[in-house]
Amino acid sequence: MKMNSIYLFALMLILTACTQNAVYTSTPTDTFIVVSDIATTIPTVTPITPTSIPETPFVTSVSVEGFSVPDPQTWVMLMPVVREYFYYRQKAIYSNDIEELWMRYPELKNEIDIERGVNAEEFLVTNYQGLKPFDGNFFPEHYERIRVKLENDKAEIYVHGIELFLYLDENENFQESGGEIKIILFVRKQNNRWVVYKTDRINLGEPNPFSP
């Protein structure tokens, strides 16, 4: 009986020691969570590669020497006529009707020289009809700011931008056609507004960088 008591007492001591150790080891400790760095990816602008770009036979015949970047006041004065011209030009392409553009700028129907790209809007309207574009965009300063020759109430505006046209392919998928454009707009002031009286596209004979 005495041995059993000693045995039980010893067993209780062992259990007590184990319990104390368990309580000690379960004490909360500082926990560090390592979070891996998250790489932020900046979207890359992919050049537009239209599936179809109208062929043009024009050759370069105009020098852009002597043009300069306009001061802010001149820029504000002349940019509206640039936007207006391309609005009516693209509208003519969508509708396959050059008459509205010629009504706005009647002098563009004169002295047409397709090979030199002078007043060649009608050719462009006709040339795009294979795609039947119905919308588009124009970014006049995509490559560089406009440059200007200004003399009294006349100005020449050199535009180096991107012109794009939206159309549907044979599978009814939305596609874009177009690309880089270099053009000089000849404008003069009439009745307190600037009006285009001649255009000269100067890169229609160059390879288009957006061609596939």
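Before any of the text, the structure's been laid out above.
Described below are features of the structure shown in this document. Being a predicted model, the structure only gives us computed values, none of them experimental.

## Some words on the overall build of the protein
Phase 1 of the analysis: Scanning the protein from N- to C-terminus turns up four helices and five strands.
Phase 2 of the analysis: Starting at the N terminus and ending at the C terminus, the protein contains elements arranged as α-α-α-α-β-β-β-β-β.
Phase 3 of the analysis: By residue count, 35% of the 212 residues in the protein fall in the buried class.
Phase 4 of the analysis: Residue pairs in contact within the protein that sit at least 24 positions apart in sequence constitute 65% of those at least 6 positions apart.
Phase 5 of the analysis: Summing over all exposed atoms, the protein offers an accessible surface of approximately 13,900 Å²; the carbon and sulfur share of this is 56%.

## Looking at the pattern of salt bridges
If charged atoms from side chains of opposite charge come close, those side chains can pair.
Phase 1 of the analysis: Taken as a whole and assessed by the stated rule, the structure comprises seven salt bridges.
Phase 2 of the analysis: Among the ionic pairs, R89 bridges to E163, the shortest N-O distance being 2.6 Å. With R89 in helix α2 (residues 72-95) and E163 in strand β3 (residues 154-168), this residue pair connects regions lying 74 residues apart in the sequence.
Phase 3 of the analysis: The exposure class of R89 is buried, given its relative accessible area of 3%.
Phase 4 of the analysis: In this structure, a network of salt bridges that share partners links the residues E84, R104 and R193.

## Describing the environment of T74
Phase 1 of the analysis: With respect to the element layout, T74 can be found in helix α2.
Phase 2 of the analysis: Of the residues examined, T74 reaches a relative accessible area of 12% and is grouped as buried.
Phase 3 of the analysis: Sequence spacing of T74 and V148 is 74 residues, and the spatial spacing of their C-alpha atoms is 8.8 Å.

## Comments concerning the pairing of strand β2 (residues 147-151)
Phase 1 of the analysis: The pairing of β2 with β3 spans five bridges and is classified as antiparallel. Residue pairing across strands places R147 opposite Y158, the latter belonging to β3.
Phase 2 of the analysis: Following β2, the chain reverses through two residues before pairing antiparallel with β3; N152 in that reversal takes a positive phi of roughly 55 degrees.

## Concerning the nonpolar core
Phase 1 of the analysis: With 32 residues, the main nonpolar core has V82, Y85, L101, Y105, I157 and V187 as its most contacted residues.
Phase 2 of the analysis: Broken down by secondary-structure element, the contributors of at least two residues to this core are α2, α3 (99-104), β3, β4 (174-190) and β5 (193-201).
Phase 3 of the analysis: With nine residues, the single largest contributor to this core is α2.
Phase 4 of the analysis: In this structure V82 touches F138, P140, I157, V159 and L185, once residues within four positions along its chain are discounted.
Phase 5 of the analysis: Grouped together as the second largest cluster of nonpolar side chains are six residues, F67, Y158, F186 and I202 included.

## A word on the pairing of β5
Phase 1 of the analysis: Burial runs high along β5: seven of the nine residues are buried.
Phase 2 of the analysis: Taken together, the eight bridges between β4 and β5 define a ladder with antiparallel strand orientation. For F186, the partnering residue across the bridge sits in β5 and is K198.

## Some thoughts on the packing of aromatic side chains
Phase 1 of the analysis: With the rule as written, the count across this model stands at 10 aromatic pairs.
Phase 2 of the analysis: Three or more aromatic residues joined by ring pairs form one cluster here, namely Y85, F86, Y87, Y88, Y105 and F138.
Phase 3 of the analysis: The ring of Y197 carries R188 above its face, with NZ or CZ at 4.1 Å from the centroid.
Phase 4 of the analysis: Lying over the aromatic face of F186, K198 brings its terminal NZ or CZ to 4.7 Å of the ring centre.

Basis of the calculations
Residues numbered from 1 in each chain as written. Predicted model: local features only at pLDDT ≥ 70, side-chain atom pairs only at ≥ 80, totals over all residues. Heavy atoms only, no water. Helix = DSSP H or I, 4+ residues; strand = E, 2+ residues; numbered from the N terminus. Buried < 20%, exposed > 50% of the residue type's maximum accessible area, 1.4 Å probe, protein only. Contact = heavy atoms within 4.5 Å. Areas by Shrake-Rupley, 256 points an atom, 1.4 Å probe, with all protein chains shown as cover. Salt bridge = Lys/Arg side-chain N within 4 Å of Asp/Glu carboxyl O. Pairing = 2+ DSSP bridges. Core = buried A, V, L, I, M, F, W, Y, C linked by side-chain atoms within 4.5 Å. Phe/Tyr/Trp six-rings, centres within 6.5 Å; stacked < 30°, edge-to-face > 60°. Lys NZ or Arg CZ within 6 Å of the ring centre and 35° of its normal.

Worth remembering: the numbers are spatial, not functional.
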